[in-house]
Amino acid sequence: MIPFLDLKKINLRHEEAILNSVHKVLHSGWYILGEEVKSFESEFADYCGTKYALGVANGLDGLELIIRAYDIGPGDEIIVPSNTYIASILSISANGATPVLVEPNLLTYNLDPNKIEESITPNTKAILVVHLYGQACNMGPIQNIAEKYNLKIIEDCAQAHGAIYADRKVGNLGDAAAFSFYPGKNLGALGDGGAITTNDETLYSNLHALRNYGSHKKYENLYKGYNSRLDELQAPILSEKLKFLDLDNDYRRNIASYYLNNINNEHIVLPYVEEEPESHVWHVFVVRTSNRSDFIRYMNDNEIQTMIHYPIPPHKQEAYKEWNELTFPISEKIHSEIVSLPISPVLDMEDVKRIVEVVNEYRPH
Ligand SMILES: *Cc1c(COP(=O)(O)O)cnc(C)c1O
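Parameters at a glance
- Residues numbered from 1 in each chain as written.
- Predicted model: local features only at pLDDT ≥ 70, side-chain atom pairs only at ≥ 80, totals over all residues.
- Heavy atoms only, no water.
- Phe/Tyr/Trp six-rings, centres within 6.5 Å; stacked < 30°, edge-to-face > 60°.
- Helix = DSSP H or I, 4+ residues; strand = E, 2+ residues; numbered from the N terminus.
- Buried < 20%, exposed > 50% of the residue type's maximum accessible area, 1.4 Å probe, protein only.
- Pairing = 2+ DSSP bridges.
- Axes fitted to C-alpha atoms, helices over the stretch in contact; angles between N-to-C directions.
- Contact = heavy atoms within 4.5 Å.
- Near = heavy atom within 4 Å.
- Polar contact = N/O pair within 3.5 Å; in protein donor to acceptor, adjacent residues only side chain to side chain.
- Areas by Shrake-Rupley, 256 points an atom, 1.4 Å probe, with all protein chains shown as cover.
- Parallel < 35°, antiparallel > 145°, perpendicular 65-115°, else oblique.
- Left-handed = near helix turned anticlockwise from the far one by under 90°.
- Nonpolar A, V, L, I, M, F, W, Y, C, P; charged D, E, K, R; others polar.
- Patch = residues over 30% accessible without salt bridge, like charges linked within 9 Å, V, L, I, M, F, W, Y side chains within 5 Å.
- Salt bridge = Lys/Arg side-chain N within 4 Å of Asp/Glu carboxyl O.

Colleague: How should I be thinking about the packing of aromatic side chains in this particular structure?
Modeller: Aromatic ring pairs are reported here in terms of the distance separating the ring centres and the angle at which the planes meet. Summed over all chains, the structure comprises 13 aromatic pairs. Seen in terms of ring centroids, F295 and Y362 are 5.0 Å apart; in terms of plane orientation they differ by 80°. Their pairing is edge-to-face. Highlighted residues: F295 in helix 10 (residues 292-301) and Y362 in the segment after helix 12 (349-360), separated in sequence by 67 residues. The two residues F295 and Y362 agree in class, both being buried. Ring plane angle 10° and centroid distance 4.4 Å describe the contact between Y320 and W323, whose orientation is recorded as stacked. You can call Y320 buried: its relative accessible area is 5%. W323 gets classed as buried once you look at its relative accessible area, which sits at 11%.

Colleague: Explain the sheet that holds strand 3 (residues 98-102) here, please?
Modeller: Remark on secondary structure: sheet strands pair via backbone hydrogen bonds, oriented parallel or antiparallel. Pairing within the open sheet is mixed, and its seven strands lie in the order 1-9-8-5-4-2-3. Unpaired on one side and paired on the other, strand 1 (52-56) and strand 3 mark the two borders of the sheet. When the angles between neighbouring strand axes are averaged without regard to direction, this sheet yields 25°. Pairing geometry for strand 4 (residues 124-130) and strand 5 (residues 152-156), over five bridges, is parallel. Bridged to V130 within strand 5 is D156. Sheet contacts for helix 4 (residues 59-69): strand 1, strand 2 (77-81), strand 4, strand 5, strand 8 (176-180) and strand 9 (194-198); angle to strand 8, the most-contacted strand, approximately 165°.

Colleague: Please explain the site of the ligand as it appears in this structure.
Modeller: Within the structure, the ligand sits among N58, G59, L60, Y85, A87, V130, D156, A158, Q159, S180, K185 and Y310. Within the contact set of the ligand, a nitrogen atom lies 2.7 Å away from a side-chain nitrogen or oxygen of D156. At 2.6 Å from an oxygen atom of the ligand is found a side-chain nitrogen or oxygen belonging to S180. For the ligand, the protein covers 90% of the area, taking 380 Å² as the surface of the free molecule.

Colleague: Sorry, what's going on with the environment of L63 here?
Modeller: As for its position among the elements, L63 is in helix 4. What makes L63 buried here is its relative accessible area of 2%. Taking C-alpha positions, L63 is 5.5 Å from A178, a pair spaced 115 residues apart along the chain. Beyond its immediate stretch of four places on either side in the chain, L63 contacts A87, S88, S91, L128, I154, E155, D156 and A178.

Colleague: What is the right way to look at the environment of Y320 in this model?
Modeller: Its place among the elements puts Y320 in the loop between helix 10 and helix 11 (329-337). If we ignore the near neighbours within four places in the chain, the residues touching Y320 are I86, I89, L90, S93, P314 and H315.

Colleague: Just to check I follow, could you spell out the environment of G62 for this structure?
Modeller: Along the chain, G62 falls in helix 4. Assessed through its relative accessible area of 0%, G62 is described here as buried. Linking G62 and H14, residues 48 residues apart in sequence, is a C-alpha distance of 26 Å. Not counting chain neighbours up to four residues away, the residues in contact with G62 comprise V56, A178 and I196.

Colleague: Please clarify how the pairing of strand 5 should be interpreted in this entry.
Modeller: For a regular strand, the rule is simple: side chains alternate between the two faces of the sheet. Burial runs high along strand 5: four of the five residues are buried. Examined bridge by bridge, strand 5 and strand 8 share three bridges and lie parallel to one another. Counted as the bridge partner of I154 is A176 from strand 8.

Colleague: Explanation requested: the packing of helix 9 (residues 245-262) against helix 12 in the structure shown.
Modeller: The angle between the axes and the distance between the axes are what describe a pair of packed helices. Orientation of helix 9 relative to helix 12, taken along the N-to-C sense of each, is 25°, at an axis distance of 10 Å. Taken together, the axes of helix 9 and helix 12 lie roughly parallel to each other. Here helix 9 and helix 12 pass one another in a crossing that is right-handed. Between helix 9 and helix 12, the contacting residues are Y251, N254, I255, Y258, Y259 and N262 on the first element and M349, V352, K353, I355, V356 and N360 on the second. Grouping the amino acids of the contact of helix 9 with helix 12 by side-chain chemistry returns eight nonpolar, three polar and one charged.

Colleague: Can you walk me through unusual backbone geometry in this structure?
Modeller: In terms of backbone geometry, most residues other than glycine have negative phi values and most peptide bonds are trans. Look at the link from H309 to Y310: it is a cis peptide, with omega at 15°. Considering the arrangement of structural elements, one finds Y310 in the loop between helix 10 and helix 11. Positive phi outside glycine occurs at L33, with the angle close to 45°. Locating L33 in the fold gives a position in the loop between helix 2 (15-28) and helix 3 (35-48). At Y213, a position not held by glycine, the phi torsion is positive, near 65°. Of note, Y213 is situated in the loop between helix 7 (201-210) and helix 8 (234-242).

Colleague: Even after reading the chapter, I still don't get a nonpolar patch on the surface, so can you show me in this structure?
Modeller: Taken together, L26, Y31 and I32 make up a surface patch of nonpolar side chains, about 310 Å² in accessible area. Inspection of the secondary structure puts Y31 in the loop between helix 2 and helix 3.

Function-wise, these values are silent; they only describe arrangement.
Here it is as structure tokens:
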């Protein structure tokens, strides 16, 4: 079986460095918010090109804390794509604000800038852009809209570490951004982890307190804060893996371009890259097919594992019962047709060739 994603193989490339990291932290005697987190934050800020990076416990917390730090809450609205992963939306709900779902572009699966303005009301405070599947959003028009209506841009970069739009990395394209280091992401820890990037000094300072019980100084609490910190043990592992992120992303791009150039089957719709190749880091390679369960069965019979990102749109989830009657036709079409092919920094090119052959021979039953 060609696995969808071999995380063990990805991490064992760094076995020695990871074991050394554990040794270093163990012997430091300092296990929360120490030198390792500080170093990683500064390396990650340099990588993204932002003034600040702040380690947090996970990607969802990163988004939730940004919204909280901007004081966006009950009565406020945030625009968010209707086809995103549920976490983007949960971060808004958790603050008591209202998520306003906007349909994506069917080609890129990213927020359609032409549909944003009609959803803006006097209560709109921010646009939460999601660089879905690893592709940077078309930010030019979104930045113009944000400026015109005085809205914050919050980036969800959980799937797009290292993607570049107009010479700037994601994480540096809005007012503040959240990253996830969940193990399966392009930059993954050996557990949960996340980071916030921003150039806004005041926001950074607020977040610095918010992630640590609302305090800058031990036992003095400015805000009703959270406990949401990047683990000291994960930080040096992330520092090590960060050195290889661009190489890994290049390798993902090679696989993607092989798929794009060689998959040729009228029953399979390939992904579309809107800008230069660096705008996409291929967290997942998502195709569409009208008889998805048939295709998945066929791939499985041919020893190739696939996944669905994601099978149910947020507005059809039980958690958002209040939206179940709404219709978002583009999202619904996407969610019923998408399927992800294997892609990763450790997938052999021989396996990629085999996947292409199998996909090209597919005929619906
Ligand atoms: C993974 C992911 C998140 C959440 O990250 P966690 O670290 O798992 O909390 C948020 N948004 C998107 C788009 C994601 O893919």
